Amino acid sequence: MTTFSKSDFGPGFLWGVATAAYQIEGAVNEDGRSPSIWDTFSHTPGKIKTGENGDVACDFYHRYHDDIAFIREMNMQVHRFSLAWPRILPGGTGPVNQKGLDFYHRVIDRTLELGLQPWVTLYHWDLPQVLEDRGGWTNRDIVGWFSEYVEVCSKAFGDKVKHWMVLNEPTVFTVLGYLQGTHAPGRKGFGNFLPAVHHVALAQAEGGRVLRAHVPDAQIGTTFSASYVQPAGPTWLSRMAAANYDVIANRLFLEPALGLGYPWKTTPFLLALQRYIRPGDMERLAFDFDFIGLQTYFRQLVRFDLLNPGTWGREVPHAERGSKELTEMGWEVWPENIYHLLKKFAAYSGVKRIIVTENGAAFPDKLEGEQVHDPQRIQFIQDHLAQVLRAKQEGVPVEGYFYWSLLDNFEWAEGYRPRFGLVYVDYPTQKRVLKDSGKWFREFLAN
Ligand code: NCW
């Protein structure tokens, strides 16, 4: 039983779902799209746990019409999705692919036709491979390449789309893609990571400025992955390690956007970024975002580790924490996480408005006839919404909650196994089934 109702969140609170282009669209060779770094990476043996790729995914490219209708059916108002740079500018820069624009016009028109708001993410990790071949995010020229792409998108869609997010989770795509190498493009080491961080942070603000210039009446935001970081013990060393983890997990891209610069006082190894910083850059990192997208899935419990110079920390294994429940991603379920993060983000004076642009969980869903019973997901959502409401009632300006994700989809290096959707996708037949959790939203949000 839930102890709250939709009306407790207030009349203006926005409810929605989120997706990302490469994870759902498929049709990778259609209508002039060029390969992205995720096509290259997923077709490289050993990179995806299951050997799978996004060639077909959910075939959203052909099924968008009916898929978007599920959002309406669940009584939500927001359809958050991303644009694929390699569909729109197959050369990364230069000639525009009209067929790529046409596809997104169809998606936007269908969204509007159903009375939903389109919320568009410009970059959700599918960099054109041609640009990676020129250094990708490690090449400073990418700030100009990205600006060109943002200009094309804002001119094409700015009349219809009034809510924009510049980037999806910069920390995740730089740490996993350019430091650890477990995500595309699979680069490793600080020599890749540090320049990528600085160029991404510049592009984050520059993207905001380009949008503002071309769509002056737009609400402009960007999204951040976040994890509430707790020290495992009361010692100074434990707290120091946790503070360093907090910098990477939560502060690295948020603080420069807010005009606070990089958090190198807490984490001195970030001083190595200075090598890539040119005169005027520190001012250019800031942009006055209308809203901040908070995306969170789990907390981090951290202890001191002498063997990990830089952050000086290591996460405490779940077995040692007595974690009650783990999702299919191996992520611990701990709903208070989202409450603490909302409070933390709201404490920055530059954060005016917060939208939870992603939160959700993967569980081992099974199709039984025409039904998918997913009580764990319903519980997860209810427990997280209770914490969002708690923060809101304490004055946090949180004004929306978007569930990740509309559909089960290609979960990057994990392949198709983790199912995050409110709608089940039977991949062999591409049949869709609204899960019990989707039905729960439908009832919860009904008038
Ligand atoms: S992997 C990840 N995700 C999932 C993905 O499907 C989606 O595209 C992302 O926006 C679900 O939501 C996001 N997030 C990574 C979580 C944090 C990993 C820790 C990295 C430490 C730097």
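Residues numbered from 1 in each chain as written. Predicted model: local features only at pLDDT ≥ 70, side-chain atom pairs only at ≥ 80, totals over all residues. Heavy atoms only, no water.

Colleague: Would you explain the sheet that holds strand β7 (residues 291-296) in this entry?
Modeller: For sheets, the rule is that strands pair by backbone hydrogen bonds, running either parallel or antiparallel. In spatial order, the strands read β1-β2-β3-β4-β5-β7-β10-β11; together these eight strands close into a barrel with parallel pairing. Shown here is a sheet whose adjacent strand axes are inclined to one another by a mean of 25 degrees, direction ignored. Taken together, the five bridges between strand β1 (residues 14-18) and strand β11 (residues 398-404) define a ladder with parallel strand orientation. For Gly16, the partnering residue across the bridge sits in β11 and is Phe402. (Pairing = 2+ DSSP bridges. Helix = DSSP H or I, 4+ residues; strand = E, 2+ residues; numbered from the N terminus. Axes fitted to C-alpha atoms, helices over the stretch in contact; angles between N-to-C directions.)

Colleague: It is not clear to me how the layout of surface pockets should be interpreted in this structure. Could you clarify?
Modeller: Gaps between atoms show up when a probe of the same size as a water molecule is rolled over them. Its boundaries defined by the atoms lining it, the largest pocket holds a volume of some 1,200 Å³. Put simply, the parts of the chain that give the lining of the largest pocket at least two residues each are α8 (170-179), α9 (190-214), β5 (219-226), α10 (236-251) and β7. Per-element tally for the lining of the largest pocket: the top contributor is α8, with five residues. Considering only residue class, the lining of the largest pocket consists of 23 nonpolar, 18 polar and seven charged. (1 Å grid on protein atoms, 1.4 Å probe; cavity = no way out; pocket = protein on both sides within 12 Å on 5 of 7 lines; lining within 4 Å. Points joined across faces, edges and corners; volume = space filled by probe spheres on them. Nonpolar A, V, L, I, M, F, W, Y, C, P; charged D, E, K, R; others polar.)

Colleague: Is there a simple way to think about helix α3 (residues 60-73) in this case?
Modeller: Two residues of an α-helix separated by three or four positions point the same way, owing to the 3.6 residues in each turn. If you look at α3, its biggest bend is around 40 degrees, right at Asp66. Taken together, the buried positions of α3 are Phe60, Tyr61, Tyr64, Asp67, Ile68, Phe70 and Ile71. Where α3 terminates, the next one or two residues include Asn75, which has phi positive at roughly 65 degrees. (Bend = angle between axes of the 7 residues up to and from the residue. Buried < 20%, exposed > 50% of the residue type's maximum accessible area, 1.4 Å probe, protein only.)

Colleague: Looking at this structure, I do not really get the UniProt feature "active site" (unreviewed entry) in the chain. What am I missing?
Modeller: UniProt records the feature "active site" (unreviewed entry) for Glu169 and Glu358 in the present numbering. For this annotated set, covering 190 residues, all C-alpha atoms fall within 10.3 Å of each other, a compact arrangement in space. Of the annotated positions named here, the largest pocket is lined by Glu169 and Glu358. Here Glu169 is to be found in the loop between β4 (163-167) and α8. On the basis of relative accessible area, Glu169 is assigned to the buried category, the value being 6%. Discounting chain neighbours no more than four positions away, the residues touching Glu169 are Trp125, Thr223, Phe224, Ser225, Gln295, Tyr297 and Glu358. Looking at where Glu358 falls in the secondary structure, it is placed in strand β10 (residues 354-358). (UniProt positions renumbered as here; feature names shortened; annotations may be inferred. Contact = heavy atoms within 4.5 Å.)

Colleague: Please explain the UniProt feature "binding site: substrate" (unreviewed entry) in the chain as it appears in this structure.
Modeller: In the UniProt entry, the feature "binding site: substrate" (unreviewed entry) is given for Gln23, His124, Asn168, Tyr297, Trp404, Glu411 and Trp412. Lining of the largest pocket among the annotated residues: Gln23, His124, Asn168, Tyr297, Trp404, Glu411 and Trp412. On the secondary structure map, Gln23 appears in helix α1 (residues 21-24). Looking at Gln23, the relative accessible area reads 0%, which means it is buried. Setting aside anything within four residues of it in sequence, one finds Gln23 in contact with Ala57, Cys58, His124, Trp404, Asn409, Phe410, Glu411 and Trp412. Inspection of the secondary structure puts Trp404 in strand β11.

Colleague: Any chance you could explain the packing of α8 against α9 here in plain terms?
Modeller: In a pair of packed helices, the angle between the axes and the distance between the axes together describe the arrangement. Look at α8 against α9: their axes get within 9 Å of each other, and the N-to-C directions meet at 155 degrees. With respect to α9, the element α8 is oriented roughly antiparallel. Here α8 and α9 pass one another in a crossing that is right-handed. For the pair formed by α8 and α9, the contact residues are Pro170, Phe173, Thr174, Val175, Tyr178 and Leu179 on the first element and Phe190, Asn192, Phe193, Ala196, Val197, Val200 and Gln204 on the second. (Parallel < 35°, antiparallel > 145°, perpendicular 65-115°, else oblique. Left-handed = near helix turned anticlockwise from the far one by under 90°.)

Colleague: What's the story with the pattern of salt bridges in this structure? I'm lost.
Modeller: Any two side chains of opposite charge can pair, on the condition that their charged atoms come close. One pass over the structure, following the stated rule, counts 34 salt bridges. One salt-bridge network, in which partners are shared between bridges, spans Asp365, Asp374, Arg377, Asp408, Arg419 and Lys435. (Salt bridge = Lys/Arg side-chain N within 4 Å of Asp/Glu carboxyl O.)

Colleague: Would you explain the nonpolar core in this entry?
Modeller: For soluble globular proteins, the rule of thumb is that nonpolar side chains tend to be buried together. Leu83, Trp137, Phe146, Trp164 and Phe441 are the most contacted members of the largest nonpolar core, which has 128 residues in total. Ranked by residues supplied to this core, first place goes to α9 with 11 residues. In contact with Phe146, other than residues within four places in its own chain, are Trp85, Leu122, Tyr123, Trp137, Val166, Leu167, Ala203 and Gly207. (Core = buried A, V, L, I, M, F, W, Y, C linked by side-chain atoms within 4.5 Å.)

Colleague: Help me understand helix α5 (residues 98-113) in this model?
Modeller: A rise of 1.5 Å per residue sets the reference length of α5, with its 16 residues, at 22 Å; its end C-alpha atoms lie 22 Å apart and thus fit the reference within 8%. Those residues of α5 lying buried are Gly100, Leu101, Phe103, Tyr104, His105, Val107, Ile108, Arg110 and Thr111. Where α5 is buried, its residues contact α1, α3, β2 (78-82), α4 (85-88), β3 (117-123) and α7 (142-157). Looking at the residues trailing α5, positive phi occurs at Gly115, about 80 degrees. (Expected span 1.5 Å × (residues − 1).)

Colleague: Could you clarify how one ought to interpret the site of the ligand in this entry?
Modeller: Every one of the 16 residues lining the ligand counts as a neighbour, but Gln23, His124, Tyr297, Glu358 and Glu411 are closest to it. Here an oxygen atom of the ligand and a side-chain polar atom of Gln23 are 2.8 Å apart. The contact in question runs from an oxygen atom of the ligand to an N or O atom on the side chain of Trp412, over 3.0 Å. Contact with the protein chains covers 88% of the free accessible surface of the ligand, which is 540 Å². (Near = heavy atom within 4 Å. Polar contact = N/O pair within 3.5 Å; in protein donor to acceptor, adjacent residues only side chain to side chain. Areas by Shrake-Rupley, 256 points an atom, 1.4 Å probe, with all protein chains shown as cover.)

Colleague: What's the story with unusual backbone geometry in this structure? I'm lost.
Modeller: Most of the time, phi is negative for any residue but glycine, and the peptide bond is trans. Following Ala184, the chain continues to Pro185 via a peptide bond in cis, the omega torsion being 5 degrees. Its place among the elements puts Pro185 in the loop between α8 and α9. A positive phi is found at Asn75, a non-glycine position, where the angle reads about 65 degrees. On the secondary structure map, Asn75 appears in the loop between α3 and β2.

Colleague: Could you clarify how one ought to interpret the packing of aromatic side chains in this entry?
Modeller: One pair of aromatic rings is described through two measures. These are the centre distance and the angle between the planes. Per the counting criterion, the structure on display carries 41 aromatic pairs. Geometrically, the ring pair formed by Trp85 and Tyr149 is stacked, given 4.6 Å between the ring centres and 5 degrees between the ring planes. Here Tyr149 lies in helix α7 and Trp85 lies in helix α4, a separation of 64 residues in the sequence. Centroid distance Trp331 to Phe420: 6.1 Å. Interplanar angle 55 degrees. Geometry classified as tilted. Here Trp331, found in the loop between α13 (318-321) and α14 (336-346), pairs with Phe420, found in the loop between β11 and β12 (423-426); they are 89 residues apart in sequence, far enough to count as distant. An aromatic cluster is built from Phe4, Phe9, Phe13, Trp15, Tyr401, Tyr403, Trp440, Phe441 and Phe444, whose rings are joined through pairwise contacts. For the cation-ring pair, Arg87 lies above Phe103, with the distance from its terminal atom to the ring centre recorded as 5.8 Å. When the ring centre of Trp334 is taken as origin, the NZ or CZ atom of Arg299, which lies over that ring, is 4.5 Å away. (Phe/Tyr/Trp six-rings, centres within 6.5 Å; stacked < 30°, edge-to-face > 60°. Lys NZ or Arg CZ within 6 Å of the ring centre and 35° of its normal.)

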